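A structural walkthrough
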Amino acid sequence: MEYINLFVKSIFVDNMIFAYFLGMCSYLAVSKNVKTANGLGIAVIAMLLITLPLNYLLNKFVLQPGALSWLGDKFAGVDLSFLSFILFIAVIAAFTQVVEMVVEKFLPALYSSLGIYLPLIAVNCAILGGSLFMQQREFGNIGEAAVYAFGSGIGWWLAIVALAAIREKLSYSNVPAGLKGIGITFITVGLMGIAFMAFMGISL
Amino acid sequence: MNAKLKETILNPILKGNPITVLVLGICSSLAVTVELKGALVMALSVIVVTGMSSLICSLLRKTIPNRVRIIIQLVVVAMMVILVDQVLKSFEATFPLDKQLSVYIGLIITNCIVMGRIEAFALGNKPIPSLLDGLANGVGYGLILIIVAFFRELFGSGTLFGIPVLSALGYTNNGLMILPPMALILIGCIIWVQRSIQKDLQEN
């Protein structure tokens with residue numbers, strides 16, 4: 001039950017885009033049509049699911065104050081938490097590379113449809129942000145971290161597909177000259193965010 | 001000061017503003033604009049990180065092999081971010097900051113402005129222009145951040161830097177301004193104003 005609650009909350013209440021603005025750059029740049037938006041969304045879900053539990057283990061057994069106590073009493077006082085940014089981004093960059101190679105080898109069709117967006121995931125704030133929020137929230141076990149990763153990924157995917165669908169329709173409407181393109185997109189995302197606020201406070 | 005250098009400094013602040021024109025670095029920026037203090041700290045951090053990492057990457061530009069440049073850039077940027085984060089942490093006792101801000105400081109690593117300026121400018125130019133370009137882009141980013149934070153804090157809580165301004169006049173706080181979506185709508189409006197003045201920026 002706790003897992004379902006965390007899952008639903010991370011999709012709707014703590015939505016990566018509407019509540020924390022994570023991964024905004026690629027969100028705005030790649031939401032011009034539904035097909036590529038869908039591909040990028042799925043890639044983000046996959047990367048979050050891989051890197052977040054890994055970074056959870058890294059945080060728990062290497063980075064936290066006293067995390068190294070499994071090496072012996074001498075290491076119990078070591079606090080490596082200042083290294084977390086660089087280790088998290090290293091894990092993310094390395095796994096983007098691995099996923100890219102695996103997808104290229106075994107799923108060439110998906111690889112060609114994702115194209116440039118696959119390597120760009122390494123610098124997507126949603127992935128690093130997921131890890132940093134995981135560290136801040138101090139999850140109890142790896143299951144919670146994985147559920148949080150999956151929920152946030154689904155939330156991000158939902159947001160980008162919805163915006164892409166709206167933008168496809170928006171291109172036919174009459175928008176003031178100064179707002180055309182990126183301006184109206186910002187306002188659309190803002191209004192979508194207000195709509196998502198309706199989910200605030202739900203718990204199962 | 002020659003004309004080219006002047007252009008390097010002035011362009012990112014107005015005509016090529018990283019947020020409103022290039023739409024880079026939205027990720028880590030919007031969530032810190034609820035109050036002016038957080039926005040100011042974030043703006044200063046980004047100015048330091050963009051300036052210093054552009055300088056370092058420009059100094060290294062002849063020795064970095066092209067194939068591994070992304071990883072090296074990430075390491076340089078992550079190092080600068082860790083330094084900034086440690087400096088902020090050391091002043092925590094006298095200058096307490098919101099806990100969530102430290103997550104967004106960490107997210108400067110994946111801020112597209114930093115990587116974008118290194119890729120587009122620092123790798124092909126001498127150290128001093130690169131430093132100025134990085135600093136100017138940070139200023140252009142910080143300017144938007146502070147404008148958004150000014151309106152959100154003034155109308156959302158009736159204060160500026162925590163000092164009551166409107167609330168002293170009997171103003172009822174507008175809770176909507178505190179909510180995340182308003183940051184997006186405000187940026188949409190800033191883009192609208194800017195593009196109505198500079199008509200050549202308008203999209204078709």
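These numbers come from a predicted model, not from an experiment.

1. Regarding the overall build of chain A
Looking only at helices and strands, chain A features 9 helices and 0 strands. Ordered by position in the sequence, the α and β elements of chain A form the string α-α-α-α-α-α-α-α-α. Taken over the C-alpha atoms alone, chain A extends approximately 70 × 45 × 35 Å along its principal axes. Within chain A, buried positions represent 48% of all 204 residues. Residue pairs in contact within chain A that sit at least 24 positions apart in sequence constitute 77% of those at least 6 positions apart.

2. Some points on the pattern of salt bridges
Residues and elements named next belong to chain B. One pass over the full model with this rule turns up 3 salt bridges over all chains. Aspartate 133 is the salt-bridge partner of arginine 117, the closest N and O atoms lying 3.0 Å from each other. Placement of arginine 117 in helix H5 (residues 112-120) and of aspartate 133 in helix H6 (residues 127-156) is noted, with a sequence separation of 16 residues between them. By relative accessible area, which is 2% here, aspartate 133 ends up buried.

3. Section: the nonpolar core
Grouped together as the largest cluster of nonpolar side chains are 104 residues, with contacts concentrated most on Leu22, Met24, Tyr27, Trp156, Phe186 and Val189 of chain A together with Met42 of chain B. Residue contributions to this core peak at 10 residues, all from helix H8 (residues 142-170) of chain A.

4. Some remarks on the side chain of asparagine 137 of chain B
Tracing the sequence through the fold places asparagine 137 of chain B in helix H6. Dropping the residues within four chain positions of it, asparagine 137 of chain B is found in contact with Pro12, Pro18, Ile113 and Arg117 of chain B.

5. What about the interface of chain B and chain A?
A common way to state how big an interface is: give the accessible area lost once the parts meet. In this assembly, 42 residues from chain B lie in contact with 38 residues from chain A. Summing both sides of the interface, chain B and chain A together bury roughly 3500 Å²; the carbon and sulfur share of this comes to 81%. The largest contributions to the chain B side of the interface with chain A come from Cys27, Thr110 and Leu184 of chain B, which together make up 16% of the buried area. Where the side of chain B that touches chain A is concerned, the elements lending two or more residues are helix H3 (69-90), helix H4 (99-106), H5 and helix H7 (180-197) of chain B. If you tally residues by element for the side of chain B that touches chain A, the top one is H7 of chain B, at 10 residues.

6. Regarding unusual backbone geometry
Residue and element names in this part refer to chain A. Even without being glycine, phenylalanine 21 reaches a positive phi, approximately 55 degrees. Tracing the backbone through its elements, the reader meets phenylalanine 21 in the loop between helix H1 (2-13) and helix H2 (24-29). Unlike most non-glycine residues, glutamate 138 shows phi in positive territory, near 55 degrees. For glutamate 138, the position within the fold is in the loop between helix H7 (125-137) and H8.

7. So, the environment of glycine 181 of chain A
Residues and elements named next belong to chain A. Position of glycine 181 among the secondary structure elements: in the loop between H8 and helix H9 (182-196). Since its relative accessible area comes to 24%, glycine 181 is described here as partly exposed. Residues glycine 181 and arginine 167, 14 residues apart in the sequence, show an inter-C-alpha distance of 9.2 Å.

8. Describing the side chain of serine 31 of chain A
All names here are of chain A. Position of serine 31 relative to the elements: it lies in the loop between H2 and helix H3 (34-63). A polar contact of 3.0 Å, which involves the side chain of serine 31, links it to the side chain of arginine 167. Those residues within four positions of serine 31 in sequence are excluded, and the remaining contacts are Ile160, Leu163, Ala164 and Arg167.

9. Details of the environment of isoleucine 187 of chain A
Along the chain, the position of isoleucine 187 of chain A falls in helix H9. Residue isoleucine 187 of chain A is classed as buried on the basis of its relative accessible area of 16%. Contacts of isoleucine 187 of chain A, omitting those with residues within four sequence positions, involve Leu179 of chain A together with Ile185 and Gly188 of chain B.

10. A word on the confidence of the model for chain B
All names here are of chain B. Summarising the model, chain B shows a mean pLDDT of 83, and 98% of its residues fall at 70 or more. Considering each helix and strand of chain B separately, the mean pLDDT is smallest for H4, with a value of 77, and largest for helix H2 (residues 36-59), with 89. Confidence metrics for the complex model read pTM 0.83 and ipTM 0.80.

Conventions we followed
- Residues numbered from 1 in each chain as written.
- Chains lettered and ligands numbered in written order.
- Predicted model: local features only at pLDDT ≥ 70, side-chain atom pairs only at ≥ 80, totals over all residues.
- Heavy atoms only, no water.
- Helix = DSSP H or I, 4+ residues; strand = E, 2+ residues; numbered from the N terminus.
- Buried < 20%, exposed > 50% of the residue type's maximum accessible area, 1.4 Å probe, protein only.
- Contact = heavy atoms within 4.5 Å.
- Salt bridge = Lys/Arg side-chain N within 4 Å of Asp/Glu carboxyl O.
- Core = buried A, V, L, I, M, F, W, Y, C linked by side-chain atoms within 4.5 Å.
- Buried area = accessible area lost by both parts, 1.4 Å probe.
- Polar contact = N/O pair within 3.5 Å; in protein donor to acceptor, adjacent residues only side chain to side chain.
- pLDDT = per-residue confidence, 0-100.

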